[in-house]
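Listed below are the residues making up each chain.
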Amino acid sequence: MNLRMITIYGVHRSRASRNIWLAHELGIPFKLVPVVQHYRLKEPIPADIVHTKSPSFLKVNPNGHIPTMEDNGLVLHESLAINLYIAKKHGGPLAPATVAEDGLMGMWALWAMTEVEPHSLSIAQHGPSPATLDALRGPFAVLDEALADGFLVSGRFTVADINVAEVVRYADGATELFKAAPRVKAWFEACRARPAYRKMWDAREKEPA
Ligand SMILES: N[C@@H](CCC(=O)N[C@@H](CS)C(=O)NCC(=O)O)C(=O)O
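These numbers come from a predicted model, not from an experiment.

**Some remarks on the overall build of the protein**
In step 1: Helix and strand counts for the protein come out as nine helices and four strands.
In step 2: Scanning the protein from its N terminus toward the C terminus, one meets helices and strands in the order β-α-β-α-β-β-α-α-α-α-α-α-α.
In step 3: Relative to the 2.2 N^0.38 estimate, which gives 17 Å for 209 residues, the radius of gyration of the protein is 17 Å and therefore close to what a compact globule would have.
In step 4: In terms of overall dimensions, the protein has a C-alpha envelope of 50 × 45 × 30 Å along the principal axes.
In step 5: When the accessible surface of the protein is split by element, carbon and sulfur atoms take 58% of a total near 10,300 Å².
In step 6: In the protein, the 23 positive side-chain charges and the 22 negative ones have mean positions that sit 5 Å from each other.

Below, the structure written as structure tokens:
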């Protein structure tokens, strides 16, 4: 384990939650540098608030998005790529043990981001619509099938479950999707019951909405 102290730029009420959850799972110390989504702030923005359009943060992530992670000079953007990096660098059961597992964990991260997130995010922001429900029925059926062994990769809880559960969480309001996919429902509840998730969530609840 070579991860001493990583820095995460973001807030719990953002995709940084994915990285914070993993850091808690692994017991990795991290420094959270608060950077708030610009769209959540009302003008005039107080000078001491760093946000996604602050010039100081744009030097860290020119995309103007959170999260960003820094580890010993390495700067990474993209929440799910950050999680794959942290898991692999740390090692242990949440990380891939073989190249095949590495391939599967990468596949699930890309799958979540491309097949699920555009629609699940729309549900989180606007509530379920016939179009988003239609779009997610297929991916939920795929996920239900993939969870035959309880978790996504090799029947054990890994970073792949964190990455996919965090994207699926945005569709939490679409109860009919979970009803139609009982394994997804049970897996999602098990993920959310984990002490590391609860720790992340409790801190998130304490942040201003
Ligand atoms: N694909 C990126 C998306 C990052 C992203 O869009 N983050 C949102 C917060 S969850 C953001 O920074 N929004 C800021 C803004 O639009 O001003 C990732 O997963 O890290």
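There is more to say after this.
**Side note on the pattern of salt bridges**
Opposite charge on two side chains permits pairing when their charged atoms draw close.
In step 1: Under the criterion given, the structure shown has eleven salt bridges.
In step 2: Salt bridges sharing partners connect three or more residues here, namely R15, R18 and E117.

**Digging into the site of the ligand**
In step 1: Lining the immediate surroundings of the ligand are 14 residues, of which R15, T52, I66, E78 and S79 lie closest.
In step 2: T52 is positioned such that a nitrogen or oxygen atom in its side chain is 3.0 Å from an oxygen atom of the ligand.
In step 3: One nitrogen or oxygen atom from the main chain of I66 is found 2.8 Å from a nitrogen atom belonging to the ligand.
In step 4: Surface burial for the ligand is 82%, taken as the share of its 510 Å² of free accessible area covered by protein chains.
In step 5: At a threshold of 2 Å from the grid points, most atoms of the ligand map onto the largest pocket.

**Focus: the side chain of R13**
In step 1: Locating R13 in the fold gives a position in the loop between β1 (6-9) and α1 (16-26).
In step 2: Put simply, R13 is tucked away with no salt bridge, and the nearest opposite charge, on E205, sits 4.4 Å away.
In step 3: Within the local environment of R13, its side chain forms a polar contact with the backbone oxygen of R204, the two atoms lying 3.2 Å apart.
In step 4: Here R13 is in contact with Q37, R40, R204, E205, E207, P208 and A209, once residues within four sequence places are set aside.

**A look at the pairing of strand β2 (residues 30-33)**
In step 1: Of the pairings in the sheet, the one linking β1 to β2 comprises four bridges and is parallel in character. Note that in β2 the partner of I8 across the bridge is L32.
In step 2: Traced from β1 through α1 to β2, the parallel crossover comes out right-handed.

**What about helix α3 (residues 79-90)?**
In step 1: Between the first and last C-alpha of α3 there are 16 Å, a value that for twelve residues agrees with the 16 Å anticipated at 1.5 Å per step.
In step 2: On its buried face, α3 sits against β1, α1, β3 (68-71), β4 (74-77), α4 (99-126) and α6 (159-168).
In step 3: A positive phi of about 75° marks G91, the residue just after α3.

**A few points about the sheet that holds β2**
In step 1: Overall, mixed pairing links the four strands, which are arranged β2-β1-β3-β4 in an open sheet. Two strands close off the open sheet at either side, each with one partner strand: β2 and β4. Looking at each pair of strands side by side, their axes are set apart by 20° on average, direction ignored.
In step 2: Contacts from α1 reach β1 and β2, with the element oriented near 160° to β2.

Thresholds applied
Per chain, the residues get numbers from 1 upward, laid out in the order the sequence is written. Reporting of local features is limited, given that this is a predicted model, to residues whose pLDDT is at least 70; pairs of side-chain atoms are given and counted only at 80 or more, and all residues count toward the totals for whole chains, interfaces and linings. Working from all heavy atoms in the structure, the side-chain values ignore hydrogens and water. Starting at the N terminus, helices and strands are each numbered in turn, a helix being any DSSP run of H or I of at least four residues and a strand any DSSP run of E of at least two. C-alpha atoms define the radius of gyration, and 2.2 Å times the number of residues to the power 0.38 defines the globule rule. Method for areas: the Shrake-Rupley scheme with a 1.4 Å probe, in which residue coverage is limited to the protein chains shown. In this charge count, Lys and Arg are treated as positive and Asp and Glu as negative; neither His nor the chain ends contribute. Charged side chains are reduced to one point each, which is NZ for Lys, CZ for Arg, CG for Asp and CD for Glu. Every case where a carboxyl oxygen of Asp or Glu lies within 4 Å of a side-chain nitrogen of Lys or Arg is listed as a salt bridge. The criterion for a residue being near a molecule or strand is simple. One of its heavy atoms has to lie within 4 Å of it. Side-chain atoms alone can form a polar contact between residues adjacent in sequence; in general such a contact is a pair of N or O atoms within 3.5 Å, and within protein one must be able to donate a hydrogen while the other accepts it. Cavities and pockets were defined on a 1 Å grid built from protein atoms only: a cavity is a group of points that admits a 1.4 Å probe but offers it no way out, a pocket is an open group of points flanked by protein on both sides within 12 Å along at least five of seven lines, and a lining residue is one with an atom within 4 Å of any such point. Grid points define the cavity or pocket, and a molecule sits in it when more than half of its atoms lie within 2 Å of them. Categorising residues by exposure relies on relative accessible area from a 1.4 Å probe, with only protein chains included: less than 20% of the type maximum marks a residue as buried, more than 50% marks it as exposed, and the intermediate range marks it as partly exposed. In this analysis, two residues are considered to be in contact whenever any of their non-hydrogen atoms come within 4.5 Å of each other. A pair of strands counts as paired when DSSP detects no fewer than two bridges linking them. Convention used here: a crossover is right-handed provided that the path from the first strand, over the helix, to the second strand proceeds clockwise when the strands point away from the viewer. To estimate how far a helix should reach, multiply one less than its number of residues by 1.5 Å. Axis lines are fitted to C-alpha atoms, over the contacting stretch for helices. Their N-to-C directions set the angle, which ranges from 0 to 180 degrees.

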